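Commentary on secondary and tertiary structure
Residue-level listing of the chains:
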Amino acid sequence: MKLFGGIYFDERGLSTSIRGMHMQTELLSNINNNITGFDKVGFQKEEAVVSSFAEFIGVHALSTVKDDTVGRIYSTNNRLDFALADKGYFQYETPNGIKLTRDGRFKMDKDGHLLTNEGYKVLAADGAPIKFQTVPEDLELVKVSSDGLIQAFNRTTNKLERIASFSVVDKDGQIADKPNVRQGYIESSNVRMEEQMFNLIPVRRNFEANRQLFITQNTLLNRTLQELGKTS
């Protein structure tokens, strides 16, 4: 007859604490990203969503969704600043494809192309880059209606000439019927700092609770192993 001996312990307590700390770390990162984007033009915060059974699958239960509510809109008196008073995005062209933005701080190059703040070409509703045939000598001559129609006053003919219409789409890429473009305005982020600071409190508390639980469990396990070693 053979006798077998060994030490058996349930490690789920330690694993649960570690998963809990990992989860709170990711939630903290989400909040920090939102706080960092507070003063960025057109920034949209991301809300954390935790699914069921997070205590078993850990950080894999965490996902985020973008909050597309409109942020604070304020006047700049710059004729090439634009804000969207409703949900939607301007489209612009990059070497990596078409991108979306709510940052309407545009500028014009020497050839008459309307560019983003980073220098990419802003797109019209027909998919082509927006281009003024003649660079306006005064930006006060540029008029943009709420539906995104861009016109420039020609002093020679004393008429408004059509340039293009902004390509404004929703988050699914569908053309917005009523983009509600505001000329001379920009949109701040939709982050509420007091809300983010309030969300930070339970995350930090939960992380500390899991940390203390891990330390306690680890200490007791080490003590148990030491006592068993004395009897061997």
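So, a few notes on the structure that sits alongside this text. (Residues numbered from 1 in each chain as written. Predicted model: local features only at pLDDT ≥ 70, side-chain atom pairs only at ≥ 80, totals over all residues. Heavy atoms only, no water.)

Some remarks on the overall build of the protein
- A tally of helices and strands in the protein yields three helices and 15 strands.
- Dimensions of the protein along its principal axes, counting C-alpha atoms only, are 110 × 40 × 30 Å.
- Within the protein, residue pairs in contact and separated by at least 24 positions form 59% of the contacts whose partners lie at least 6 positions apart.
- As presented, the protein carries roughly 14600 Å² of accessible surface, and 52% of it is formed by carbon and sulfur atoms.
- If you average the places of the 29 positive and of the 30 negative side-chain charges in the protein, the two averages end up 3 Å apart. (Helix = DSSP H or I, 4+ residues; strand = E, 2+ residues; numbered from the N terminus. Contact = heavy atoms within 4.5 Å. Areas by Shrake-Rupley, 256 points an atom, 1.4 Å probe, with all protein chains shown as cover. Lys, Arg positive; Asp, Glu negative; His and termini not counted. Charge placed at Lys NZ, Arg CZ, Asp CG, Glu CD.)

Topic: the packing of aromatic side chains
- Here the structure, examined in full by the defined rule, presents six aromatic pairs.
- With centroids separated by 5.9 Å and ring planes inclined at 40°, the aromatic side chains of Phe106 and Phe166 adopt a geometry described as tilted. With Phe106 in the loop between strand E6 (97-101) and strand E7 (107-108) and Phe166 in the loop between strand E12 (159-165) and strand E13 (168-169), the pair connects residues that are 60 residues apart, well separated along the chain. Like Phe166, Phe106 is buried. (Phe/Tyr/Trp six-rings, centres within 6.5 Å; stacked < 30°, edge-to-face > 60°. Buried < 20%, exposed > 50% of the residue type's maximum accessible area, 1.4 Å probe, protein only.)

Structural notes on the sheet that holds strand E10 (residues 142-144)
- An order of E10-E11-E12 is seen for the three strands of this open sheet, with the pairing classed as antiparallel. Among the strands making up the open sheet, the edge pair consists of E10 and E12. Within this sheet the neighbouring strands show an average axis-to-axis angle of 30°, counted without direction.
- Sheet analysis places E10 next to strand E11 (residues 149-154), joined by three bridges and oriented antiparallel. (Pairing = 2+ DSSP bridges. Axes fitted to C-alpha atoms, helices over the stretch in contact; angles between N-to-C directions.)

Some thoughts on the environment of Leu149
- As for its placement among the helices and strands, Leu149 is situated in strand E11.
- When near neighbours in sequence (up to four residues on either side) are disregarded, Leu149 contacts Lys143, Val144, Arg162, Ala164 and Ser165.

Remarks on the nonpolar core
- With 20 residues, the main nonpolar core has Phe82, Ile130 and Phe166 as its most contacted residues.
- Listed by contribution, the elements that provide at least two residues to this core are strand E4 (82-84), E10 and E11.
- Setting aside anything within four residues of it in sequence, one finds Phe82 in contact with Phe90, Gly104, Phe106, Val144, Phe166, Val181, Arg182, Gln183, Tyr185 and Ile186. (Core = buried A, V, L, I, M, F, W, Y, C linked by side-chain atoms within 4.5 Å.)

Some words on the pattern of salt bridges
- One pass over the structure, following the stated rule, counts 11 salt bridges.
- For the salt bridge of Asp111 with Lys110, the shortest nitrogen-to-oxygen distance reads 3.6 Å.
- Residue classification places Lys110 among the exposed positions, given a relative accessible area of 74%.
- Because the salt bridges share partners, they merge into one network encompassing Lys45, Glu47, Asp67 and Glu195. (Salt bridge = Lys/Arg side-chain N within 4 Å of Asp/Glu carboxyl O.)

So yeah, pure geometry; function would need other evidence.
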